[in-house]
Amino acid sequence: FWRKELTTKADIAEEIARISGYDKVEITVPRINLWAIAQEPIYNLKNDVRNYFTSIWFFDIYNYSFVSAPLYEKLWLDIWECVDLKNSLSEEATHMKNSLIPNLMLWLEENIRTRKDLKLFEIEKAFFKKWKEISEKYLLSAVMTSDKEIAYYDIQNILSNFLKSIFVDNFYFDNVEIIPAFAHSGRIAKVMARWKEIWIIWEIHPNISKKFDVKSRVWFFEIDGEKLCEVAYNIKKAKEVSTFQENNFDLSFVVDKSIKWKDIKTSIAWVDKDLIQKVELFDIYENEEKLPWKRSLSFKVYIQSMEWTLDDNVKNELIKKLVEKVWKVWGILR
């Protein structure tokens, strides 16, 4: 009666086998079907994340699930948004983390003295509370130091290649309405895929970098793992390949800085959906002296027909329509 842990048949069977002797148990093959186990999407995502980021020289970091109030104060974050522990083990572990960034900053502070350029990432669970409800989900966060004035486009290329590697289609970068306290205003963006915000990119505020004794610029991104799983691993649909030669040309437009490049890209693609196969933004040029309050956006347009070989007349006529379309709404040809 004092063995309170014996609650199931398996518990009792284990006790009988232990007392009688495990060597007396006859070895038999279990009568079950050992089929392959279907893995959860997050399991595949974790493997793909580690394979991709380690291949481009990011270090995989493992941290405890705990944070402290002083650490959050250094990042201008509110510790009361975290789940608190009733019996914490130490003053450095009083709450459950709701972001991977604070612990990554600690790693950066401890290792920046021995290595000038650091690229760190972590994919692990974070914990959230809303009123009395507590939930958890996987986040993917990374940090990269850089001496460049603007390293945003480097991170954008890293993330774009990663999204393509896990078959995320129709994604784009957009402006952010709510800026975190520790982010550098004007150097922040969010990534949208299938009308869902899946992560955010930003440069850490210089004042916070100084608190962690980091002199270089620090860039972060943080990804919602569940939302990323919803838009990843799409099945590619095959389409008929044209036997006629593909052609392409470049167009550069001078527009206001407030204009989003994806809006111009969409306008170009819709001018002729049969001929225009793909539109890519390949260069952004900004110079306050030559182009005050404006910037130049350069696009590469790929055209191809399923029925005939395109000649120069068709190409020139299409370019004329594109320039006229963009000129009416967005800006002028450079």
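Residues numbered from 1 in each chain as written. Predicted model: local features only at pLDDT ≥ 70, side-chain atom pairs only at ≥ 80, totals over all residues. Heavy atoms only, no water.

To continue, consider the pattern of salt bridges. Applying the stated criterion across every chain, the model contains 16 salt bridges. The closest approach of N and O atoms between Glu15 and Arg3, which form a salt bridge, is 3.2 Å. Placement of Glu15 in helix H1 (residues 9-20) and of Arg3 in the segment before H1 is noted, with a sequence separation of 12 residues between them. Notably, a salt bridge pairs Asp60 with Arg50, separated by 2.8 Å at the nearest N-O pair. With Asp60 in strand S1 (residues 59-60) and Arg50 in helix H2 (residues 41-55), the pair connects residues that are 10 residues apart, well separated along the chain. Salt bridges sharing common partners tie together Arg3, Glu5, Glu15 and Arg18. (Salt bridge = Lys/Arg side-chain N within 4 Å of Asp/Glu carboxyl O. Helix = DSSP H or I, 4+ residues; strand = E, 2+ residues; numbered from the N terminus.)

Left-over empty space is what a probe sized like a water molecule reveals as it rolls over the atoms. In the structure shown here, the tally under the stated rule is one cavity of 30 Å³ or more. Around the largest cavity, the lining residues are Phe58, Ala142, Val143, Met144, Ile155, Ile158, Trp219 and Phe221. Secondary structure elements with two or more residues in the lining of the largest cavity: strand S6 (133-146), helix H5 (152-165) and strand S10 (217-224). If you tally residues by element for the lining of the largest cavity, the top one is S6, at three residues. Grouping the amino acids of the lining of the largest cavity by side-chain chemistry returns eight nonpolar, no polar and no charged. (1 Å grid on protein atoms, 1.4 Å probe; cavity = no way out; pocket = protein on both sides within 12 Å on 5 of 7 lines; lining within 4 Å. Points joined across faces, edges and corners; volume = space filled by probe spheres on them. Nonpolar A, V, L, I, M, F, W, Y, C, P; charged D, E, K, R; others polar.)

Close contact between H2 and H5 brings their axes to 11 Å; oriented N to C, the two are set at 135°. In terms of their interaxial angle, H2 and H5 are classed as oblique. As H2 packs across H5, the resulting crossing turns out to be right-handed. Where H2 abuts H5, its residues Leu45, Asp48, Val49, Tyr52 and Phe53 lie against Ile158, Asn161, Phe162 and Ser165. Grouping the constituent residues of the contact of H2 with H5 by class yields six nonpolar, two polar and one charged. (Axes fitted to C-alpha atoms, helices over the stretch in contact; angles between N-to-C directions. Parallel < 35°, antiparallel > 145°, perpendicular 65-115°, else oblique. Left-handed = near helix turned anticlockwise from the far one by under 90°. Contact = heavy atoms within 4.5 Å.)

Attention now goes to the layout of surface pockets. Of the pockets and cavities examined, the largest pocket occupies roughly 1,500 Å³. Asn170, Phe171, Trp261, Lys265 and Val279 are, among the 34 residues lining the largest pocket, the residues nearest its centre. In terms of residue count, the dominant contributor to the lining of the largest pocket is strand S12 (residues 276-285) (nine residues). Of the residues that constitute the lining of the largest pocket, the class distribution is 15 nonpolar, seven polar and 12 charged.

What follows covers the sheet that holds strand S11 (residues 247-256). Taken in spatial order, the four strands line up as S12-S13-S11-S14 in an open sheet, and their pairing is antiparallel. Two strands in the sheet have a free side with no partner beyond their single neighbour: S12 and strand S14 (332-333). Note: S11 against S14, two bridges, orientation antiparallel. Residue pairing in the sheet places Phe253 in a bridge with Leu333 of S14. The strands that helix H8 (residues 261-269) touches are S11, S12 and strand S13 (294-303); relative to S13, the one it contacts most, it runs at about 35°. Along the sheet face, helix H9 (residues 312-329) touches S11, S12, S13 and S14 and points at about 15° away from the line of S11. (Pairing = 2+ DSSP bridges.)

Within the secondary structure layout, Ile208 lies in helix H6 (residues 206-211). When near neighbours in sequence (up to four residues on either side) are disregarded, Ile208 contacts Lys74, Leu75, Trp76 and Phe182.

Okay, the side chain of Lys315 next. Looking at the element boundaries, Lys315 is found in helix H9. For the buried residue Lys315, which engages in no salt bridge, the nearest side chain bearing the opposite charge is Asp312, 5.6 Å off. When residues no more than four places from it in sequence are discounted, the contact partners of Lys315 are Asn247, Asn248, Phe249 and Ile303. (Buried < 20%, exposed > 50% of the residue type's maximum accessible area, 1.4 Å probe, protein only. Lys, Arg positive; Asp, Glu negative; His and termini not counted.)

All right, on to unusual backbone geometry then. Backbone geometry at Trp57 places phi at a positive 70°, although glycine is not the residue there. As for its position among the elements, Trp57 is in the loop between H2 and S1. Of note, Tyr233 is a non-glycine position whose phi angle comes to about 55°, a positive value. Here Tyr233 is to be found in the loop between helix H7 (225-231) and S11. Assessed through its relative accessible area of 29%, Tyr233 is described here as partly exposed.

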